[in-house]
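Chains, contacts and geometry: an overview
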Amino acid sequence: MYEDFQAIKELLTASERKIEIVENENSRSGAILKWAKIPETQDLAAVVNYTEVITVDDWIHVLGHGKGADGQTIFKLSSLPKEDLMYNALVVATDVLGGLFAICQKETSNSFGDVFYLQPECLEWEPTGFGYSELLVWLANDDIDAFYQDVRWEGWRDMSSHVGVDSAIRFTPDVWFKDCDFSASPRQIVPFKDVLENILSTYILDDAAN
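Presented here is an overview of the structure given in this document. (Residues numbered from 1 in each chain as written. Predicted model: local features only at pLDDT ≥ 70, side-chain atom pairs only at ≥ 80, totals over all residues. Heavy atoms only, no water.)

Quick look at the packing of helix α2 (residues 29-36) against helix α3 (residues 43-50)
Put simply, the test is: Axes here refer to lines fitted to C-alpha atoms; in helices the fit is confined to the stretch in contact. Angles between the N-to-C directions go from 0 to 180 degrees. Every helix listed is a DSSP run of H or I at least four residues long, and every strand listed is a run of E at least two residues long, numbered separately from the N terminus. Should an angle fall under 35 degrees it is taken as roughly parallel, and over 145 as roughly antiparallel, whereas 65 to 115 is taken as roughly perpendicular and any remaining angle as oblique. By the definition used in this description, the sense in which the near helix is turned from the far one sets the handedness, with an anticlockwise turn below a right angle giving left-handed and a clockwise turn giving right-handed. Here a residue-residue contact requires only that any non-hydrogen atoms of the pair lie within 4.5 Å.
Between α2 and α3, whose axes approach to 9 Å, the crossing angle comes to 150°. In this view, α2 runs roughly antiparallel relative to α3, as classed from their interaxial angle. Crossing of α2 over α3 shows right-handed handedness. Residue-level inspection shows Ser29, Ile32 and Leu33 of α2 in contact with α3, the latter providing Ala45, Val48 and Asn49.

Quick look at the environment of Glu16
Stated formally: Working definition: with a 1.4 Å probe on protein chains only, accessible area under 20% of the residue-type maximum means buried, over 50% means exposed, and in between means partly exposed.
Mapped onto the secondary structure, Glu16 falls in the loop between α1 (2-13) and β1 (19-23). Here Glu16 falls in the exposed class, since its relative accessible area comes to 85%. A sequence separation of 124 residues divides Glu16 from Ala140, and the C-alpha atoms of the two residues are 7.6 Å apart.

Details of the pairing of strand β6 (residues 100-103)
Cut-off, in case you're wondering: Two strands qualify as a pair provided that DSSP identifies no fewer than 2 bridges between them.
Residue alternation in β6 divides its side chains into two sets, Leu100 and Ala102 and Phe101 and Ile103, and both sets are buried. With four bridges joining them, strand β5 (residues 90-95) and β6 adopt antiparallel strand pairing. Bridge pairing in β6 links Ala93 to Phe101. Counting the residues between successive antiparallel strands, the hairpin from β5 to β6 contains four residues, one of them, Gly98, with a positive phi of roughly 95°. Two elements, β6 and strand β7 (residues 115-119), share four bridges in a ladder whose sense is antiparallel. Of the residues in β7, the one forming a bridge with Ile103 is Val115.

Points about the environment of Glu154
Inspection of the secondary structure assignment puts Glu154 in the loop between α5 (144-147) and α6 (156-160). Its relative accessible area of 81% is what places Glu154 among the exposed residues. Taking the C-alpha atoms as reference points, Glu154 and Thr94, 60 residues apart in sequence, are found 21 Å from one another.

Regarding α2
Short version of the rule: Of all possible arcs, the one meant is that of the directions from the helix axis to the C-beta atoms.
Among the residues of α2, Ser29, Ile32, Leu33 and Ala36 are the ones counted as buried. With its buried residues spanning 95° around the axis, α2 presents them on a single face. In α2, those exposed residues whose orientation departs by more than 90 degrees from the buried face are Ala31 and Lys34. In the core, the buried residues of α2 are packed alongside α3, β4 (75-76) and β5. One or two positions beyond α2, positive phi appears at Lys37, with a value near 55°.

What follows is the structure in structure tokens.
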């Protein structure tokens, strides 16, 4: 597993993007991997075992084992309806707006093992077309700026650089409302769990209405 992590570290540190790897070991890593049923041979296991979090471009947080005994680590979307494609999906990365990168866990689906992105601005899952290892390559080498161009504002990094893995930026009105203006609407840094709860509860209500 250590050799896998070293390869991941080399990939990320060679990137031209701003990437910060908070590297350490945590005794709870084994329990996390067992709970999530992640084989030690997977790149995800290496990230969880050896990192607290990996921050990409002051915008995306790749989840490791978290800080201490209760820091934000990978988690499952168990609150979604069981018929939803992403029910119990494993969230492996988040962004400062509350966007989620999650691995589909529905074994009956052709998308099993694929990474999807939940877009806060429209509350829809977008297939990325790749798995976890490819996600790391995308974060290191691809055009993240283009991916997020519609939801960033002038001077966004001044705020996003202060957003930790346990927090997020919430707009008023919320970003999925048409009258939310990313350049002008009021915004503040709040606990990530508050943004997540708001996003998921609204997503579930919208899904039920449709």
